[in-house]
Amino acid sequence: MTFQKTDEVKVLRDPVHADVRVEYEVIWRLINTAWMQRMRRIRQLGGAFMVYHTADHSRFSHSLGVYEIVRRMITEVPDLARALNEREKVTVMAAALLHDIGHGPYSHAFEKVVGGTHEDYTCRIIEEDTEVTRILEAAAPGLSHEVADVIRHQSENPLLPQLISAQLDADRMDYLLRDSYFTGTSYGHFDLERILRTLRVEDDLVVVKESGVYAIDYVMARYHSYWQIYYHPGARSFECILSKLFDRLRDLNEAGHMPQSIPEFKPLIEGGVLSLEDYFVLDEYSCNYAFEVLSRCGDRITADLASRILDRRLFDYMEDTEENRRNVTAALEAAGYDPAYYLASDDVGQRVYIPYRVSAGNAIRVRLHGGEIKELSEASNIVQSLVRGRQLRDDRIYYPKEIRGLL
């Protein structure tokens, strides 16, 4: 079958990729769905906007960026252009565009509140008879399930998921460049053009030519971005307060004292799997309004935590040790704070690069000049030394700054 093209190529200006080009009607229609437009109301970086004041870019712009990189991959990388038919190309472009459509507000932090992953909601939005489903099915019967299968890593063509979610994929490439740009940092810079020029296909695997190994400064870009942006203590402090606020709301609900002025939170607080209708209204606009209402409610703890989110009164932090926990707990109790809501822990760790089995379709693979395929750490002495290094950890506890004098 042939997919309908737009009357003319649609061009969206983008600060990272210059142009985002759309030539298929199904992609253009998906961009204009209410579910896609909802992502304009969800920030890309969760709590990091509390640290980097210009990091207000949205999941919408990131999704367009991932789509654009995938579009370039399947048109500019000769091996991919030949390996995929038109339906597969449209499928993977749609999957790239929609891969984050199931995100809740405040990025990954909200998954802990909802109790489900954004991938679960993404596939539901694509397949459960939504506007998105109907557009995909109108373009080609069965297309909605094929797009969801790419996101679930269950596609009949193993090449497709590798373009969106692997060790070297369009998702990571866009968010590293985009998040670096909007935070005003240089941590996420890498040579995207060189990587695209050196991509090849070998036995249903996306590989990089040996000459492209040195363009994988991408690995270090990802490592530094995680520590300096995504794992920044300020961002994690915001997310801890967010989690504690919902802990308090659930406890109030169980006691029969749930504030009645925030109906959009009611299905979330009561637990269980949310309907897509209830999930749709949960964006950062509705949450910020609810936090403003809660900041004036009669429950002191709820009002305080909500106002901390709105006014950026973040928690302080220190290393997570038994002694520090005892000292902070005692100080909180002495100051009249309930540790259940004012003491939080957040443990993170990361290696520079974790090699996956080549057969799993997730490794960064290198095609040597002689034709042999090797995993990146076997082809690069620098990456190999990084893999053998110890995993770095940053385990912290968070608490109100007001108790500093008691510690």
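Residues numbered from 1 in each chain as written. Predicted model: local features only at pLDDT ≥ 70, side-chain atom pairs only at ≥ 80, totals over all residues. Heavy atoms only, no water.

(A) Representation of the overall build of the protein chain within the structure. A count of helical and extended segments in the protein chain gives 22 helices and 9 strands. For 407 residues, the compact-globule formula gives about 22 Å, and the C-alpha radius of gyration of the protein chain, at 23 Å, lands near that figure. Along the first, second and third principal axes, the C-alpha atoms of the protein chain reach 70 × 50 × 35 Å. Taking all 407 residues of the protein chain together, 56% fall into the buried category. Long-range contacts, defined as pairs at least 24 residues apart, comprise 69% of the intrachain contacts of the protein chain with a sequence gap of at least 6. For the protein chain, the accessible area works out to roughly 17,800 Å², and carbon and sulfur atoms hold 46% of it. Of the side chains in the protein chain, 49 bear a positive and 64 a negative charge, and the two mean positions are spaced by 4 Å. (Helix = DSSP H or I, 4+ residues; strand = E, 2+ residues; numbered from the N terminus. Rg over C-alpha atoms; globule rule 2.2 N^0.38 Å. Buried < 20%, exposed > 50% of the residue type's maximum accessible area, 1.4 Å probe, protein only. Contact = heavy atoms within 4.5 Å. Areas by Shrake-Rupley, 256 points an atom, 1.4 Å probe, with all protein chains shown as cover. Lys, Arg positive; Asp, Glu negative; His and termini not counted. Charge placed at Lys NZ, Arg CZ, Asp CG, Glu CD.)

(B) Region of the structure containing the environment of Asp56. Within the secondary structure, Asp56 sits in the loop between helix H2 (34-38) and helix H3 (59-76). A relative accessible area of 47% means that Asp56 is categorised as partly exposed. As a C-alpha pair, Asp56 and Leu245 span 189 residues in sequence and 23 Å in three-dimensional space. Those residues within four positions of Asp56 in sequence are excluded, and the remaining contacts are Arg43 and Phe49. At 2.9 Å, the side chain of Asp56 and the side chain of Arg43 are in polar contact. (Polar contact = N/O pair within 3.5 Å; in protein donor to acceptor, adjacent residues only side chain to side chain.)

(C) Local environment of the pairing of strand S3 (residues 199-202). Bridging between S3 and strand S4 (residues 205-209) involves 4 bridges; their strand directions are antiparallel. Within the sheet, the bridge partner assigned to Arg200 lies in S4 and is Val207. In this structure, the hairpin formed by S3 and S4 is closed by a connection of 2 residues, where Asp203 is found at a positive phi of approximately 50°. (Pairing = 2+ DSSP bridges.)

(D) Spatial organisation of H3. In this model H3 runs 25 Å from its N-terminal to its C-terminal C-alpha over 18 residues, within 8% of the 26 Å that 1.5 Å per residue would give. Across the 18 residues of H3, 16 count as buried, placing the element largely inside the fold. (Expected span 1.5 Å × (residues − 1).)

(E) View of the packing of aromatic side chains. The full count for this structure, using the stated rule, is 19 aromatic pairs. Between Tyr317 and Tyr398 the ring centres are 5.8 Å apart and the planes differ by 50°, which places this aromatic pair in the tilted class. Separated by 81 residues along the polypeptide, Tyr317 in strand S5 (residues 316-319) and Tyr398 in strand S9 (residues 392-399) bring together distant segments of the chain. Grouping aromatic residues by their ring pairs yields a cluster made of Phe49, Tyr106, Phe110, Phe238, Phe246, Phe265 and Phe291. Over the ring of Phe60 we find Arg40, and its NZ or CZ is 4.1 Å from the ring centre. Looking at Arg43, its charged tip hangs above the ring of Phe49, at a distance of 3.7 Å from the centre. (Phe/Tyr/Trp six-rings, centres within 6.5 Å; stacked < 30°, edge-to-face > 60°. Lys NZ or Arg CZ within 6 Å of the ring centre and 35° of its normal.)

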